[in-house]
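Examination of the molecular architecture
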Amino acid sequence: MPAVLFLLTLLGALCSHGQAMTREEKQRLRNQVVEMFDHAYQNYMDHAYPADELMPLTCRGRVRGLEPSRGDIDDALGKFSLTLIDTLDTLVLLNKTTEFEAAVRRVLKDVRLDNDIVVSVFETNIRVLGGLLGGHSMAVMLKEGGQHMQWYQDELLHMAKDLGLRLLPAFNTSSGLPYPRVNLKHGVWGPETRTGTETDTCTACAGTIILEFAALSRFTGDPVFEAHARRAMDFLWEKRQRNSNLVGTTINIHSGEWVRRDSGVGAGIDSYYEYLLKAYILLGDDLFLQRFNIHYASIMKYISQPPLLLDVHIHKPLLPARTWMDSLLAFFPGLQVLKGDIRPAIETHEMLYQVTKKHNFLPEAFTTDFRVHWAQHPLRPEFAESTYFLYKATGDPYYLEAGRTILDNLNRFARVPCGFAAMKDVRTGSHEDRMDSFFLAEMFKYLFLLFADVDDLPFDVEDYVFTTEAHLLPLSLSTAPHASSIPSNKTSEVELDDSNFDWTCPNTRLLFPDPAFPRNLREPIRSAVDKSCPRPAPYREPGMGRPPLRAQDFMANNPEHLELLRRMGVSLIHLKDGRVQLVQHATQAVSAVAAEDGVRFMQEMMELSSQQQKEQLPPRAIQIVSHPFFGRVVLTAGPAQFGTDLSKSSTGVRGFVTVAEPYSGCSEITNAEYVRGRIALLQRGQCMFAEKARHIQKAGAVGGIVIDDNEGSSSDTAPLFQMAGDGRSTDDVTLPLLFLFHKEGNILLEALKEYREVEVLLSDKARDRAAIFKGKPLPGSLIEGSMDVQEAEEDCTTEATTPTSFEPVSQSQMSTVELDELAPEEVTPSQEENSPIEEDTSPAEEVSPPEEDASSADQAQPKEERDSEKREEPEGDTDSSSQSVDELLADWREDLEAFKQMEKDEL
């Protein structure tokens, strides 16, 4: 049996092209990684510990139960100082031995694992159990070195076993697949556990256990953990679709039936494939490699469409399941390097790199033509991981430059005085108040390894395997004593055909006979990404008649239109969120002809919605640039369909803000002397948006900001809002008008109340803060991509972030469309196409037109529906809208001088 598949001792010197990065420059970047880690880690320790995670915008810890719930994403938090445990082995890798020793003592003294709290089995396993085992591995290594941790007596391992025993009740199912959640104190069953009722789990959730549980068994000599993990892996293997050899995304833990039959390498499945290969590497069991090879052949046959990786249906693998990709698949090129399949790894990585250069970060999801699909970016490390592995395999300095891009973007966009903040919207540069533990556990490991020389490392990383959370487990565990009480299901000779797979280490001399080979692979992909973003015309069924009421003319507050809808069998249902739902019952129409007209009206409304989605304007940014904000606060704003197009302005519109009188802006401005030359603040309601714009423009304002009067509304939870015109020409409006929800508007009003003179910049995206400080003309964007990717950038950022949800409708002759309660005189609905559905049902489609500016109306876009199987579901930050600017800036002022110095260092 071959000892290890890869060990990454690959010959890469022949693959480089161009000038190699100097040793001094690599050292500078390595030191910059360490400085950035110190900034994140020290702020967590100073402002958040012992909380699970740091909230970097408000400089405090996130404690579950004290902050508003973010849903499933909070299941990673168990009141066990998550970030500290997740960071233990990072400290050692970055040569911070003293800090590691202090951190271990803190964990042993402060952390409790018996809290009465329900946590995710998957997240707790990879982050906490993996963190404890990685910390134990480092402690043993240091102790054997004879200089550090001499007092250590396997205390972290004892904690790991305690946690493993607390996770074991989740595996008490007939299938062996674990429940997705467990109560750390009470287990699964019983009313006090508040769990045990779930029926479904994701494939990755059940299949990403084996490394940590097997390591725990082999460290402790207790085989029960490895046995349960193997049983779960065996069950997933048995339930694969036998014709395609693919697995679905969600499975019933009791029956083994696939609940979601789409298959890919991203969210919901990703680390299952990773753990098959790495289980072979860590444990030396050929069975895992055989299974991985069979899966991998199917992935490359059906899912891989270089450079894309697109989900398919497991029963019909030639049928695409979606037209977008999620950011978690960015790990896959790294896994392909471990497999030895370098060419597709280079191609997919290059596609991801070009998307990154267009948007500064990988959006949570992006379409096949590289538009933003979900705009969040929670500082995920998967792209950095693949960059490191590709550099390790090829030695190509191109990947060092990719790493430099990651560093620069983190410092210029995500860095804040109290750490690094996740991006709420990569298009505008706005932030979320979160810094997940995986940022410290993974990102800085891979970036440090990318720029470090062998002499910089305190140990040989080739002696360890990285878990999916980048925790380090020693390969020596493959020879540790172990036993399994449950025999594995063997793969038959008929099932196994790995004749096309090389069981030896890949040799880059054979893979890359031409030193320019990697470059030749990348250039066509760079060109393809750069020239993408087509805008297809909406499809229209030929021969369709025209209903008596056109969808684009419909107004929900017009009695004549409502009567026409009634005659066509279309009724309005008022929803709690201020919108109305259009429902068409053919049987309620006054005649068969009227029923046909109703069907056509609904189809036209849906078609208009799809068309408007393609033409939707991206969000805009309002950046507070005056003291003490200095451009650090960026508010996500909705655009107007009239007035100055900020995307065509290289400088944006900059000015001090003032409140217009009257605040509604619906009549002549009475304080014109204060509004003149400034940006006017207005309240939503009482008249049309265009009317407000005309009044402040007449008063001499250079711009306007409309603030929602619906208390509690926020861009965190509400879809993007676009302000429509008033049904007539708006060519006379020449100033920019932006819309802020109540929470963001309140930040601006509180700042004005506190500091009186508040200057803002209205633009299409956040601008370079360094230029603001130095008084230089502002560049077109905060950071520009390489010259070969800028031409198409503007068109590639117009995709909406909120996919439309489809709900089955029971009646066969019934259509449903959701609208805002008060429609404007001009209806331009917005809706995004969803992926194909297998069932033959009538979909209920949400359509939200830009609406009349009335205070009783609500959002202008469909409700957001997230992929239920995302490892980290994108959520907005959860700060209260009543939070004062004093609280927001309490800890920022003391860091102001350090911040200025940091900006100088960035330059």
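The structure this text deals with has already been given above.
Residues numbered from 1 in each chain as written. Predicted model: local features only at pLDDT ≥ 70, side-chain atom pairs only at ≥ 80, totals over all residues. Heavy atoms only, no water.

**Considerations on the overall build of the chain**
As a reminder of what qualifies: Here a strand is any run of E in DSSP of at least two residues, a helix any run of H or I of at least four, and the numbering for each starts at the N terminus. By definition in these notes, contact holds between two residues if any of their heavy atoms fall within 4.5 Å. To measure how exposed things are, a 1.4 Å probe is used in the Shrake-Rupley method; for residues, cover is taken only from the protein chains shown.
Scanning the chain for helices and strands turns up 25 helices and 32 strands. Residue pairs in contact within the chain that sit at least 24 positions apart in sequence constitute 75% of those at least 6 positions apart. For the chain, the computed accessible surface area is about 32,600 Å², with 49% contributed by carbon and sulfur atoms.

**Description of the environment of Lys-698**
Relative to the helices and strands, Lys-698 is located in helix H21 (residues 689-698). C-alpha separation for the pair Lys-698 and Arg-676, spaced 22 residues apart in sequence, amounts to 9.1 Å.

**Concerning the state of the cysteines**
Which entries qualify depends on this criterion: Cysteine sulfur atoms that pair up within 2.5 Å are treated as a disulfide. Think of it in three bands: with a 1.4 Å probe and only protein chains considered, a residue is buried below 20% of the maximum accessible area for its type, exposed above 50%, and partly exposed in between.
Under the defined criterion, the tally for this structure stands at three disulfides. Between the sulfur atoms of Cys-202 and its disulfide mate Cys-205 the distance is 2.1 Å. Every disulfide takes its handedness from the sign of the S-S torsion; for Cys-202 and Cys-205 that torsion is 90°, giving right-handed. Each member of the pair, Cys-202 as well as Cys-205, carries the same accessibility label: buried.

**Considering the pattern of salt bridges**
To be explicit about the condition: Salt-bridge detection follows one rule: a side-chain nitrogen of Lys or Arg within 4 Å of a carboxyl oxygen of Asp or Glu.
Applying the stated criterion to the full structure yields 47 salt bridges. Among the ionic pairs, Glu-744 bridges to Lys-424, the shortest N-O distance being 3.8 Å. Taken together, the residues Glu-744 in helix H22 (residues 742-755) and Lys-424 in strand S17 (residues 423-425) connect sequence positions 320 residues apart. Across the pair, Lys-424 and Glu-744 agree in class, each one buried. Its salt-bridge partner being Asp-425, residue Arg-427 comes within 3.0 Å of it at the nearest N-O pair. By relative accessible area, which is 6% here, Asp-425 ends up buried. Members of the salt-bridge network, linked through shared partners, are Arg-64, Asp-72, Asp-75, Arg-181 and Glu-198.

**Details of the packing of helix H1 (residues 23-47) against helix H2 (residues 82-93)**
The criterion, for reference: Every axis corresponds to a line fitted to the C-alpha atoms, with the helix fit spanning only the stretch in contact, and the corresponding angles, defined between N-to-C directions, vary from 0 to 180 degrees. Handedness of a crossing follows from how the near helix is turned relative to the far one, being left-handed for an anticlockwise turn of less than a right angle and right-handed for a clockwise one. Gly falls in the polar group here, along with every residue not listed as nonpolar (Ala, Val, Leu, Ile, Met, Phe, Trp, Tyr, Cys, Pro) or charged (Asp, Glu, Lys, Arg).
H2 packs onto H1 with a crossing angle of 145° between their chain directions and a minimal axis gap of 12 Å. For the element pair H1 and H2, the recorded crossing hand is left-handed. Contacts from Phe-37, Tyr-41, Tyr-44 and Met-45 of H1 reach H2 at Thr-83, Leu-84, Thr-87, Thr-90 and Leu-91. Each residue belonging to the contact of H1 with H2 can be placed in one class, and the counts come to six nonpolar, three polar and no charged.

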